[in-house]
Amino acid sequence: MQTPKTYRSSFVLLLTVLVIALGINISLGSVSIPFSETLHSVFGGTLDNTAWDYIIWNYRVPKAFTAILVGAGLSLSGLLMQTLFRNPLAGPFVLGISSGASLGAAFLIMGSATLSSLFGFSLVTDVSLAIVSSIGSFLVLLAVITVASKVKDTMALLIIGLMFGSISAAIVSVLSYFTDAQKLQQFVYWSFGSVGNLSWHQLGLLFVILIIGIVLGILSIKPLNALLLGENYAKSLGVNLVRSRYLIIIATGLLAGGVTAFAGPIAFIGLAVPHLTRQIFNTTEHRVLVPAVLVYGAILMLICDTIAQLPSSAEVLPINAITSILGAPVVIWLLVRKRKMVF
Amino acid sequence: MLRTLGNAQPDLGGCLAVKGKPIVSYAPLELSAEISMVLTEPIASKNLSVLELVALGRQPYTNWLGTLTDTDKQKIKDAISSLELDELQHKKCYELSDGQLQRVMVARAFAQDTSIILLDEPTTHLDLYHKIQILKLLRSIAHTTQKTVVFTTHEIEMAIQLCDKMVLLDGKNNYFGQPCELIEQKAFESLFPSDTVSFDPKTGSFRITK
C-alpha cells in the first residue's frame with residue numbers, strides 16, 4: 001500500500017502527461033500548423049491565418065475533448081464491469097454492451113428508412129442515435145444481468161455475454177442485407193469509430209451523459225471495494241447489494257452506451273485501461289482506481305487519436321483499429337513482465 | 001445453518017433474533033454492526049494488501065466514500081496485532097499461505113467490531129498447527145473481548161478441548177451444551193458407525209476401531 005503522498009505525485013505526473021498529450025494532439029493534424037501558433041490560438045489569441053483558427057477551434061479542439069471523454073468513459077465502465085463481475089476479462093465489449101449499442105444504432109440508421117418516409121423527415125439525429133444506442137446497451141446489459149443472477153459461474157457469464165454479442169451482430173447483418181447502400185455506408189462508418197465528427201453541441205451532450213455516469217461511479221466506490229471480497233462478504237459488510245448492482249449497471253450503461261452512441265464502438269480501451277492502471281498503481285482501492293482510470297483512459301485515447309489522424313496526411317484511420325493495435329501489445333507486455341494478472 | 005445465522009441464506013423455519021429483534025427485519029447496514037462473518041468462499045481479489053483487506057471490515061462505520069477516521073485506524077491496528085499479523089500487513093493476499101490468509105480474514109471480522117463473529121469452517125485446508133493456532137486465537141478473542149464466536153467445524157476433538165459450548169448435529173439427535181456435559185450424555189458415541197470409529201470418553205477423543 002502506497003502512502004497518499006506517492007499517489008498524489010503519481011496523479012500530478014499523470015495529469016502532466018495528459019496535458020502534454022492534449023497539446024500534441026491539438027498541434028498535429030492533416031494541415032500542419034506551427035506549434036507556437038497553435039498554443040497562441042488555444043490560449044485565446046487570434047491568428048492572422050483565420051483558416052488555422054477555424055481548424056483549431058472547430059475541428060481539433062472538439063476532437064481532442066471527445067477523445068478525452070471517450071477514453072475516460074470507456075475505461076471507467078470497464079473498471080466497473082470488472083469489479084462487478086469480479087472477472088478480469090469483463091469489459092463493455094466482452095459483455096455485449098457495445099454490441100447492444102450497435103444493434104440500437106443499426107435499427108435506427110437502417111430500420112428507420114421506412115418510418116422516416118412515413119413521417120417525411122429523418123429520424124436519425126444525434127440525440128435519437130444516442131438515446132437508441134444507450135437503450136440497446138442497457139437491454140443487453142439487463143439480459144446479461146438477468147442470466148447472471150441464475151448462473152453463478154463467471155466464465156459462463158462471459159460466454160453468455162459473447163453469445164448476446166453474436167446475436168446482436170447477426171441481427172445487424174440481417175438488417176444490413178435488406179438496407180440500401182447509402183444507409184449501410186452510414187452504419188459502417190459509425191462502426192469504425194470516430195472521435196472527429198462531434199460538434200460542440202454534441203460534445204456538450206456527451207459530457208452531460210458521462211458526468212452522470214461518473215458521479216454514479218464515484219457513488220459506488222465503497223460498494224465496489226466491498227465487492228472485491230465477493231457478494232456474500234459485501235452483504236455482511238452492510239452493502240445493499242441490489243441497489244449497488246443497479247447503480248453500477250446504470251453507470252456502465254450510461255458511460256459505455258453514451259460513448260458508443262457518439263463515437264461508435266471503440267474496442268479495447270474499456271478492457272485494457274483498468275489492467276494497466278492496476279499494474280502501474282499496484283492497488284485495488286477504488287478511491288485511487290476510479291480517478292486513475294479516467295485520466296489513463298483519456299491519455300491513451302488521445303495518443304491513439306494522434307496516430308489515427310496520420311499527422312500531415314489527409315487520411316484518417318479508423319480509431320477502432322488503432323486502439324487494438326497499440327493497446328493489446330501493451331497489455332501482453334505488462335502481463336509477461338509481471339508474469340500474472342493482478343486483479 | 002451458519003449462513004442462515006448470518007442472513008446469507010433464507011431460513012428453513014423458526015425465528016432468529018439478535019438483541020430481541022428478528023434478523024430478517026434488520027437493514028443490511030444495521031446487521032453488519034452486529035454480526036461479522038468469515039466464509040468458506042475464497043475472496044474475489046487476491047490483489048488486496050492485508051491492511052486494505054482488514055480495513056474493509058470498517059465499512060459499516062465509514063462515510064459514503066469509505067474514509068477511515070482515527071478510531072477506524074486504531075481498530076484496524078488492534079485487529080492486526082491481536083491476530084499477530086503486524087509483519088504481514090503490507091503483503092498482498094496472493095503472497096500469503098492459507099493459514100495466514102485465514103488469520104487475515106478473522107482480523108477483518110474482528111475489525112468489524114461486532115458482538116457476534118460467525119465462521120464457516122475456519123480450519124479447512126489448514127495443517128494441524130495452523131488449525132490449532134486459529135482456534136486458540138478465536139478462544140482468546142472470545143474470552144478477552146466478551147464477543148460471541150460461533151464456528152462450524154469437522155474437528156470434533158479440537159472443539160471438545162477448546163469450546164465453551166457445542167452444538168452437535170447428526171441428523172437425528174441434536175445436542176447443545178458444554179463439551180463435558182455432552183460427553184456425559186454419550187452424545188459422541190452415536191455420531192459415527194461404531195465399527196469404524198469409537199469415542200473414548202476419558203480422553204475426549206476418537207479411536208479407530210480395528
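Note that the structure is a prediction, hence the values are computed from the model and not measured.

Undergrad: Quick rundown of the pairing of strand 6 (residues 166–169) of chain B? Include the residues and the values.
TA: Residues and elements named next belong to chain B. Residues Met166 and Leu168 point to one face of strand 6 and are all buried, whereas Val167 and Leu169, pointing to the other face, are not buried. For strand 6 and strand 7 (residues 174–177), the ladder comprises four bridges, and the chain directions are antiparallel. Looking across to strand 7, one finds that leucine 169 is bridged to asparagine 174. From the end of strand 6 to the start of strand 7, which pair antiparallel, there are four residues, and glycine 171 there has a positive phi angle of about 95°.

Undergrad: Go over empty space enclosed by the protein, please, and point to the residues and values.
TA: All names here are of chain A. As enumerated under the stated definition, the model contains two cavities of 30 Å³ or more in all. What the largest cavity holds in volume is close to 50 Å³. Lining the largest cavity are Leu84, Pro223, Leu227, Glu231, Val239, Leu241, Ser244, Arg245 and Ile248. Those elements that provide at least two residues to the lining of the largest cavity are helix 9 (221–227) and helix 11 (241–263). With four residues, helix 11 is the largest single contributor of residues to the lining of the largest cavity. Broken down by class, the residue content of the lining of the largest cavity amounts to six nonpolar, one polar and two charged.

Undergrad: I'd like a description of the domain arrangement of chain B, backed by residues and values.
TA: Residues and elements named next belong to chain B. Parsing chain B into structural domains produces domain 1 (2–154) and domain 2 (156–210). For domain 1 and domain 2, the distance between their C-alpha centroids amounts to 28 Å. Taken together, the contacts link ten residues of domain 1 with seven residues of domain 2. Counting every contact that joins domain 1 to domain 2 gives one salt bridge. Arginine 139 serves as the salt-bridge partner of aspartate 164, at 3.9 Å between the closest nitrogen and oxygen. Where domain 1 touches domain 2, the interface holds three residue pairs in polar contact (both at pLDDT 80 or more). Ranked by the residues each element gives to the side of domain 1 that touches domain 2, the list is headed by helix 6 (residues 128–145), at seven residues.

Undergrad: Please provide a residue-by-residue account of the pattern of salt bridges, values included.
TA: This structure, assessed with the given rule, holds eleven salt bridges over all chains. A salt bridge links Arg287(A) to Glu285(A), with the nearest nitrogen and oxygen atoms 3.2 Å apart. Judged by relative accessible area, which is 31%, Arg287(A) ranks as partly exposed. With a shortest N-O distance of 2.8 Å, Arg58(B) and Asp72(B) are connected by a salt bridge. Of this pair, Arg58(B) sits in the loop between helix 3 (50–56) and helix 4 (70–82) while Asp72(B) is found in helix 4, placing the two residues 14 residues apart along the sequence. We classify Arg58(B) as buried; its relative accessible area is 4%. Look at the salt bridges and you will find they share partners, linking Arg86(A), Glu231(A) and Arg245(A) into a network.

The rules behind these values
Residues numbered from 1 in each chain as written. Chains lettered and ligands numbered in written order. Predicted model: local features only at pLDDT ≥ 70, side-chain atom pairs only at ≥ 80, totals over all residues. Heavy atoms only, no water. Buried < 20%, exposed > 50% of the residue type's maximum accessible area, 1.4 Å probe, protein only. Helix = DSSP H or I, 4+ residues; strand = E, 2+ residues; numbered from the N terminus. Pairing = 2+ DSSP bridges. 1 Å grid on protein atoms, 1.4 Å probe; cavity = no way out; pocket = protein on both sides within 12 Å on 5 of 7 lines; lining within 4 Å. Points joined across faces, edges and corners; volume = space filled by probe spheres on them. Nonpolar A, V, L, I, M, F, W, Y, C, P; charged D, E, K, R; others polar. Domains from an automatic or database assignment. Contact = heavy atoms within 4.5 Å. Salt bridge = Lys/Arg side-chain N within 4 Å of Asp/Glu carboxyl O. Polar contact = N/O pair within 3.5 Å; in protein donor to acceptor, adjacent residues only side chain to side chain.

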